[in-house]
Amino acid sequence: MKKRAAALALCLVLALGLAPAAAEAAGSVYITAAGNDILPLDDATMPFWSDGYLYVASSIFTGQVNKALGVAYLPSSVSNPNLCILYAGTRSLMFDLTGNFVRDTDGNITYRRAIRRGGEIFVPASVVADFFNLEYSVTPLSLKTADGDSYGALVWIRQLGFGLSEKDFINAAFSQIAARYEQYLRQQRPSDGGADARPGSVPSPGKNGKTVYLCLAAGEDAATQLDALDSGGAQAAFFCSRPFLESRGELLRRMVATGHAVGLLVDADDPDRTVAEQLEEGNRLLAQAAMAKTRLVKIENGDEGDLRSAREAGFSCLEAELDRSDTGLRDGEQAEGLLRQVSARREDVRVWLGDNAGAAGLRAFLTAAAQAEDRCLALTETVSQTA
């Protein structure tokens, strides 16, 4: 299929009788579904075939997909840069990115590699489905636009015994599939400057849009904060104290599985432990709770020497452009105030909310930010540092 925009007159035709080769044709559009949901469609995470095996992006196993399938993705940035880990409860698949094999918690080793493509790691669907007791199918589709027919396929992953055939599911999800494909075609349109959109590229944000990195101290409101962020399709960074790391393992696993960033919250004034000791213990507790580690840290009551020591130890210290820990983010009025501050800045912005943010304030801010074409993403170790 030639991936370019068309004046859209979209309809979908189920084509169960098509030969598999039609669905595997170079350039075909693969639409992914998990459980009841049709996932966002873009070139960066689109499934593909390699050596006769279907590969899906490991990063899809977050958010709604994690809830629908019960399988979570542990990014290599918070575990081991040479591993891609999928897990459900105590069972895990660990794809070795250097040794080209996968090891599971049952002690089995399979020489079926993961593939790194661009910034994504793709895993073989058959291995994932077999180990986690899922099923998947690849159903050819004919995608019709004003420019004519092109071939594609629906990759549908679901729990065993889902209860619908592929044909019935596609009929029920017709409007979702059409909406995802229409959105995909819009992203393929040439930019305002006339240059063709490149397959695999990320659509450019609106001219007024910027990236906002919301940073919170994980506490009593963490569960409702996660609900608000997940419902708004947004991510944040949660900086966790020792008591939180010791007692809230289920929330830590949820944060990691749904793509939020996890950092350590340490106090330079702690009379019993040095900053270095707190960092070491924090990562030990995080690994114990969620099989993860982090290099993100927020040092409270620290001076430049504490920051320098942490950086020399390989940690990325949060230094936010906006500190809203006193002002708070609890309601619509405070959300509007934060948006005004964000809009006044020319660059992307890191916002420290501390433990003074509530679900209602987050929802109000996410709604307002979306209207302003701003995006709330999880902090990374690189972004956390000032230039």
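Definitions and limits used
Residues numbered from 1 in each chain as written. Predicted model: local features only at pLDDT ≥ 70, side-chain atom pairs only at ≥ 80, totals over all residues. Heavy atoms only, no water. Helix = DSSP H or I, 4+ residues; strand = E, 2+ residues; numbered from the N terminus. Buried < 20%, exposed > 50% of the residue type's maximum accessible area, 1.4 Å probe, protein only. Contact = heavy atoms within 4.5 Å. Areas by Shrake-Rupley, 256 points an atom, 1.4 Å probe, with all protein chains shown as cover. Expected span 1.5 Å × (residues − 1). Polar contact = N/O pair within 3.5 Å; in protein donor to acceptor, adjacent residues only side chain to side chain. Phe/Tyr/Trp six-rings, centres within 6.5 Å; stacked < 30°, edge-to-face > 60°. Pairing = 2+ DSSP bridges. Axes fitted to C-alpha atoms, helices over the stretch in contact; angles between N-to-C directions. Salt bridge = Lys/Arg side-chain N within 4 Å of Asp/Glu carboxyl O.

Participant: What should I look at first to understand the overall build of the protein in this one?
Facilitator: Scanning the protein from terminus to terminus reveals twelve helices and 22 strands. Split into buried and exposed, the 387 residues of the protein put 48% on the buried side. Expressed as a percentage of contacts within the protein between residues at least 6 apart in sequence, the contacts between residues at least 24 apart total 67%. Counting every atom, the protein has about 18100 Å² of accessible surface; 46% of that belongs to carbon and sulfur.

Participant: Would you explain helix α9 (residues 275-290) in this entry?
Facilitator: Helical geometry note: an α-helix holds 3.6 residues per turn, so side chains three or four residues apart project in the same direction. If you check α9, its first and last C-alpha atoms are 22 Å apart, about what 16 residues at 1.5 Å a residue would give, namely 22 Å. Listed in full, the buried residues belonging to α9 are Val275, Gln278, Leu279, Glu281, Gly282, Asn283, Leu285, Leu286, Ala289 and Ala290. Where α9 is buried, its residues contact β6 (72-74), α7 (242-247), α8 (249-257), β17 (261-267), β18 (296-300) and α10 (304-312). Of the residues one or two after α9, Met291 is the one with positive phi, at around 50°.

Participant: Looking at this structure, how should I read the side chain of Arg273?
Facilitator: Checked against the element boundaries, Arg273 lands in the loop between β17 and α9. In terms of polar contacts, Arg273 uses its side chain to reach the side chain of Asp270, at 2.9 Å.

Participant: Is there a simple way to think about the packing of aromatic side chains in this case?
Facilitator: For any two aromatic rings, the description comes down to two numbers: the centre-to-centre distance and the angle of the planes. Applying the stated criterion across every chain yields a total of nine aromatic pairs. On the numbers, 6.4 Å between centres and 90° between planes, the contact of Phe162 with Phe169 is edge-to-face. The partly exposed category is assigned to Phe162, whose relative accessible area is 26%. For Phe169, a relative accessible area of 3% translates into the label buried. Seen in terms of ring centroids, Tyr181 and Tyr184 are 6.4 Å apart; in terms of plane orientation they differ by 20°. Their pairing is stacked. Highlighted residues: Tyr181 and Tyr184, both in helix α5 (residues 174-188), separated by three residues, approximately one helical turn. For Tyr181, a relative accessible area of 0% gives the class buried.

Participant: Which parts of the structure should I look at to understand the sheet that holds strand β5 (residues 53-57)?
Facilitator: With respect to topology, four strands assemble into an open sheet ordered β4-β5-β12-β11, the strand pairing being antiparallel. Of all strands in the sheet, those with a lone pairing partner are β4 (48-50) and β11 (115-117), marking the two edges. For this sheet the average axis-to-axis angle between neighbouring strands, irrespective of direction, equals 40°. Taken together, the three bridges between β5 and strand β12 (residues 120-124) define a ladder with antiparallel strand orientation. Within β12, the residue paired with Ala57 across the bridge is Phe122.

Participant: For this particular structure, what's the right way to read the pattern of salt bridges?
Facilitator: If the charged atoms of two oppositely charged side chains come close together, the side chains can form a pair. Applying the stated rule across the entire model yields 15 salt bridges. The salt bridge involving Arg242 is made with Glu281; its shortest N-O contact spans 3.4 Å. Here Arg242, found in helix α7, pairs with Glu281, found in helix α9; they are 39 residues apart in sequence, far enough to count as distant. Using a relative accessible area of 35% as the deciding quantity, one classes Arg242 as partly exposed. Where Arg311 meets Glu319, a salt bridge forms, and the shortest distance between an N and an O atom there is 2.2 Å. Each member of the salt-bridge network shares a partner with another, and the members are Arg242, Glu246, Asp270, Arg273, Glu281 and Arg284.

Participant: Explain the pairing of strand β15 (residues 211-217) here, please?
Facilitator: Both faces of the sheet carry side chains from a regular strand, because those side chains alternate between them. Taking burial as the measure, the seven residues of β15 include seven buried ones, the bulk of the element. Here β15 shows a buried face lined by Thr211, Tyr213, Cys215 and Ala217 and a second buried face lined by Val212, Leu214 and Leu216. When β15 meets strand β22 (residues 375-376), the two strands line up parallel, connected through two bridges. Its bridge partner being in β22, Val212 is matched across the sheet by Cys376.

Participant: Looking at this structure, I do not really get the sheet that holds strand β8 (residues 91-96). What am I missing?
Facilitator: Where strands meet in a sheet, backbone hydrogen bonds hold them as pairs that are either parallel or antiparallel. What the five strands build is an open sheet, ordered β6-β7-β8-β9-β10; its pairing is antiparallel. This sheet does not close on itself; its edge strands, each paired only once, are β6 and β10 (109-110). Inspection of the sheet shows β6 paired to strand β7 (residues 83-88) by three bridges, in the antiparallel sense. Note on β7: the bridge partner recorded for Tyr73 is Leu86. Here α8 sits on the sheet in contact with β6 and β7, set at roughly 80° to β6.

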